Amino acid sequence: MKQSLNILFQIRQYSRNSWLAILAVSLLAACSANSRESLSIEGTIANADQVAALYPKAVENGSITLLLYEVPFGGEMPPVQLDSAVVAAGSKTFKLKVDPANQGLYNLLVKNGPMVPLVFDGSTIELTIDFASEEKFYSVKGSEASEQLHDFLFTYADHRTGIEQSMANLDSLKRVGASDSVLLAATNSKNQALNTLNNYLKKSLGTLNNPVVASFALGRAAQTLQQPEFEAELAKLNTKFPEDATMLELKKKYEAYKAQEEAIAQQKEAATKENSLIGKKAPELVLPDTNGKNIALSSYKGKYVLVDFWASWCHPCRLENPTVVAAYNQFKDKNFTVLGVSLDQKKEDWLKAIQQDQLTWTHVSDLAFWKSKAVSTFGFEGIPYNVLIDPQGTVVAEGLRGDALGRKLAEVLK
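Conventions adopted
Residues numbered from 1 in each chain as written. Predicted model: local features only at pLDDT ≥ 70, side-chain atom pairs only at ≥ 80, totals over all residues. Heavy atoms only, no water. Buried < 20%, exposed > 50% of the residue type's maximum accessible area, 1.4 Å probe, protein only. Helix = DSSP H or I, 4+ residues; strand = E, 2+ residues; numbered from the N terminus. Pairing = 2+ DSSP bridges. 1 Å grid on protein atoms, 1.4 Å probe; cavity = no way out; pocket = protein on both sides within 12 Å on 5 of 7 lines; lining within 4 Å. Points joined across faces, edges and corners; volume = space filled by probe spheres on them. Salt bridge = Lys/Arg side-chain N within 4 Å of Asp/Glu carboxyl O.

## Some thoughts on the pairing of strand β3 (residues 63–70)
Among the 8 residues of β3, 8 are classified as buried, and the element is accordingly described as predominantly covered. Relative to strand β4 (residues 80–87), β3 is paired through 7 bridges, and the arrangement is antiparallel. Within the sheet, the bridge partner assigned to I64 lies in β4 and is V87. Pairing of β3 with strand β6 (residues 105–110), which is carried by 5 bridges, proceeds in the antiparallel orientation.

Here is the structure:
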């Protein structure tokens, strides 16, 4: 049960699109409208004697305490406790009531134990908590919205379990040094699990008919959907629920978030241009080659040289190496060469990678990992990275990857 709960109620980051995680948490749910009706939750606790095995502090003096919280609009204020009930060891039933109540999201918390999210949609909610269940530890009736949320959460948790397992398998293979083909297959498996989850999220967002449940699902979707996909789903929900305060607030906050991110991106772009090496003389760098002989970058003056920063342990670098090999073979007879600068720590790994990837140009390294003189001299923060230097020693391009490398070399080596 604990694994299922962790997936259900914790924010875990599994993709580069977790840029919305904080925003999603703040807007997981909200109260959609005021109501003069009473919220009544009538329930049963099954197998209460087994709760101690999973939650040893949930039973106090032979009793289990239930706490009912309302999640305030927008999620910016802390949940408000509205009612509580103590279920004695010899009892199995409980009842919680709020009079009057807002239609929106509520959390029923077993003190020092699991939490059950519920949506009040104007009906009496019938709840069963079964501590013998390893996965779907509760069931709900009488509230269509709560039933939709229940079904969404547990199906979502199943998909996230698949992603966790595929990522754990990939991490394990990396630790044991599996071959590139095995790592590629494991990566594809992880990506397939992520695609399956995202397809489920988009399908769910199209069918959910309660705005509170839909906003909850959209909060989860914000963690894994690509930004354009998220924006499309948000637009659909705003069209579907045009007057709903939850959706209007979500749209408002997302637009504010996006404007802030765009401002930050502009600042970063300006700082990058200011710190760029392009148009400046390349700094001197002297490092030992594979035979221990010091090689100075300045010795390449008179040629175009691509200074390629990489490492044998860097998977993206190894994937990029065929592109560099192709460019070298195409332009090596046009006053062009490559100088490989490695951030390796072990010489045998460095030499092995050079041979495996058929990197036939000169290579240098001080085998100092991220403390390498190359890092402090050129100021880069990640690899693969490269700079293209002209015959006069001036940097004319940097960060050339993929097709951009060949296009730039064709431009300058006419």
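Next, the rest of the story.
## Quick notes on the layout of surface pockets
Taken as a whole, the largest pocket spans an internal volume of roughly 670 Å³. For the largest pocket, the lining is made up of 22 residues, of which A178, D180, S312, W313 and R318 are closest to its centre. Among the elements of the structure, α4 (144–175), α5 (180–207), α9 (315–331) and α10 (347–356) are those that each provide at least two residues to the lining of the largest pocket.

## What to know about the pattern of salt bridges
Under the definition given, this model contains 8 salt bridges. Between K95 and E42 there is a salt bridge, with the nearest N and O atoms lying 3.6 Å from each other. Residue K95 is located in strand β5 (residues 93–98), and its partner E42 is located in strand β1 (residues 39–46); the two are separated by 53 residues in the primary sequence. In this structure, E320 engages R401 in a salt bridge whose closest nitrogen and oxygen atoms are separated by 3.8 Å. Residue E320 is found in helix α9, and its partner R401 is found in the loop between β16 (395–398) and α12 (403–412); the two are separated by 81 residues along the sequence.

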